Amino acid sequence: MNLTQVGSDHSPIMLASDTTTPKSWKPFKFFLTWLNDESCTSVIENAWRLYVSGSPGFQLAKRFQSTKKELSLWNRTHFVNVNKRVDDVQKELDVLQEQPPYDENHNKILDINKDLSKWQKYTTDFYQQKSRDHFIKDMDNNNKYFHNKTNKRRMKNNIDSLQDQNNTWLHTREEISQHLTSHFKEISTSIVVTLDEGHFMLISTIITDADNLSLTRVPSHHEIHDTLKSMENWSAPGLEGFQAGFHKSQWSIIGEDVCQMITRFF
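By convention here, each chain's residues receive numbers from 1 onward along its written sequence. Local features in a predicted model are, by the rule used here, given only for residues with pLDDT of at least 70; side-chain atom pairs are given and counted only at 80 or more, and totals for whole chains, interfaces and linings are based on all residues. With hydrogens and water stripped out, all remaining heavy atoms of the structure feed into the side-chain values.

Examining the nonpolar core
Nonpolar cores were defined as sets of buried Ala, Val, Leu, Ile, Met, Phe, Trp, Tyr and Cys residues, with membership established by side-chain atoms within 4.5 Å. Three labels apply to residues, based on accessible area from a 1.4 Å probe with only protein chains included: buried if under 20% of the type maximum, exposed if over 50%, partly exposed otherwise in between. Counting 22 residues, the largest nonpolar core has Phe-30, Trp-34, Cys-40, Ile-44, Leu-71, Phe-242 and Phe-246 as its most contacted members. Elements with a contribution of two residues or more to this core: α1 (38–48), α2 (56–79), α8 (221–229), α9 (244–249) and α10 (251–263). Ranked by residue count, the leading element in this core is α10, at five residues. Contact definition: two residues touch when any of their heavy atoms are within 4.5 Å. In contact with Leu-71, not counting residues within four places along its chain, are Phe-28, Phe-30, Trp-34, Cys-40, Val-43, Ile-44 and Phe-242. In this text, helices come from DSSP runs of H or I with a minimum length of four residues, and strands from runs of E with a minimum of two, each type numbered from the N-terminal end.

This is how it looks when you write it as structure tokens:
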């Protein structure tokens, strides 16, 4: 790409080595920093009250969808852009600090400093979770560090090109999408296989009757909760975008529905 001549009779050339990835739909994901806001739990509690008839699994899925929708709306109207909120509060603080040191201004400065610290913590938690970096803990806010880690992770998660089974390279987003869709459809297609039941007689018995009884026993609500507590809090989310940390923090709201769905399997 030839740029405009400025101060010379030569036209500079700009070479773009990497094309810009077009913006695409991003799945919902619950963020830990939302829990710092008191209104978040109220949004979850109100969304979970949705009346749903059907099996426990169907009710749970619908309530998760309702919660996801309400949290997305709440995030757009309440959080919007955490970086912009920090900048706005910082500007407000700068204006007050330039004014004469009256008692009234001093009190306002203290309040705004608290608000600024709150939003800086939101920003740090937000980018730390997106970067999945656990090296820095309980230290000063380092938003730039986590922001850079997030950008690097985003670049690694991007697929620029892919080689198919015919050794043909695919470069466009449409080609890659079609190839991946068709590949996973093919490997996910079930094939009915008929086995001679006599073959099972050749396999020695390993699981005892006591083991089998323990494996098929309906777990108690306490056992389900203990299993949940042993899981990593903010690792990869489930299908609806909620991690184990969300289930732990909101167990008083969602616990009964989760337990009913799990016990229904047995």
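Having seen the structure, we can now continue with the description.
So, α1
Every buried residue belonging to α1 is among Cys-40, Val-43, Ile-44, Ala-47 and Trp-48, and all of these are buried. The arc enclosing the buried residues of α1, seen along the axis, measures out at 125°, which places them on a common side. Here, the arc refers to the directions that run from the helix axis to the C-beta atoms.

A few points about the pattern of salt bridges
Whenever Lys or Arg places a side-chain nitrogen within 4 Å of a carboxyl oxygen from Asp or Glu, that contact is recorded as a salt bridge. One pass over the full model with this rule turns up five salt bridges. Here Glu-45 makes a salt bridge to Arg-49, at a shortest N to O gap of 3.8 Å. A residue is classified by how much of its surface remains accessible, and Glu-45, at 35% relative accessible area, is partly exposed. Given a relative accessible area of 60%, Arg-49 falls into the exposed group. Of the charged contacts, one joins Arg-63 and Asp-257 as a salt bridge, the two residues approaching to 3.2 Å between their closest N and O atoms. Residue Arg-63 is located in helix α2, and its partner Asp-257 is located in helix α10; the two are separated by 194 residues in the primary sequence. Here Arg-63 falls in the buried class, since its relative accessible area comes to 11%. Exposure remark for Asp-257: the relative accessible area of 16% places this residue in the buried category.

Some details on unusual backbone geometry
Although it is not a glycine, Asn-167 adopts a positive phi angle of roughly 65°. By the element assignment, Asn-167 lies in the loop between β1 (162–163) and β2 (169–170).

Topic: the environment of Asp-37
Of note, Asp-37 is situated in the segment before α1. Judged by relative accessible area, Asp-37 falls into the buried class, the value being 11%. Considering only alpha carbons, one finds Asp-37 and Tyr-122, 85 residues apart in sequence, at a separation of 9.1 Å.

Things to note about the environment of Ile-44
Topologically, Ile-44 is positioned in helix α1. Note: C-alpha distance between Ile-44 and Glu-70 (26 residues apart in sequence) is 7.6 Å. Discounting residues that sit within four places of it in the chain, Ile-44 has contacts with Phe-30, Thr-67, Leu-71, Phe-246, Gln-250 and Ile-253.

Remarks on the packing of α1 against α10
For helices, the axis comes from a line fit to the C-alpha atoms of the stretch in contact; other axes are also lines fit to C-alpha atoms, and the angle between any two N-to-C directions lies between 0 and 180 degrees. Across the interface, α1 lies against α10 with an axial gap of 10 Å and an inter-helix angle of 35°. Here α1 contributes Thr-41, Ile-44, Glu-45 and Trp-48 to the contact with α10, which in turn contributes Ile-253, Ile-254 and Asp-257.

Side note on the packing of aromatic side chains
We call Phe, Tyr and Trp rings a pair once their centres come within 6.5 Å, taking the six-membered ring for Trp, and we label the pair stacked below 30 degrees between planes, edge-to-face above 60, and tilted otherwise. Overall, the coordinates contain eleven aromatic pairs when judged by the stated rule. Between Phe-28 and Trp-34, the ring centres sit 6.0 Å apart and the planes meet at 45°, which makes this aromatic pair tilted. We note that Phe-28, like Trp-34, is buried. Pairwise contacts between aromatic rings join Phe-28, Phe-30, Phe-31, Trp-34, Trp-48, Phe-64, Trp-74, Trp-234, Phe-242 and Phe-246 into one cluster.

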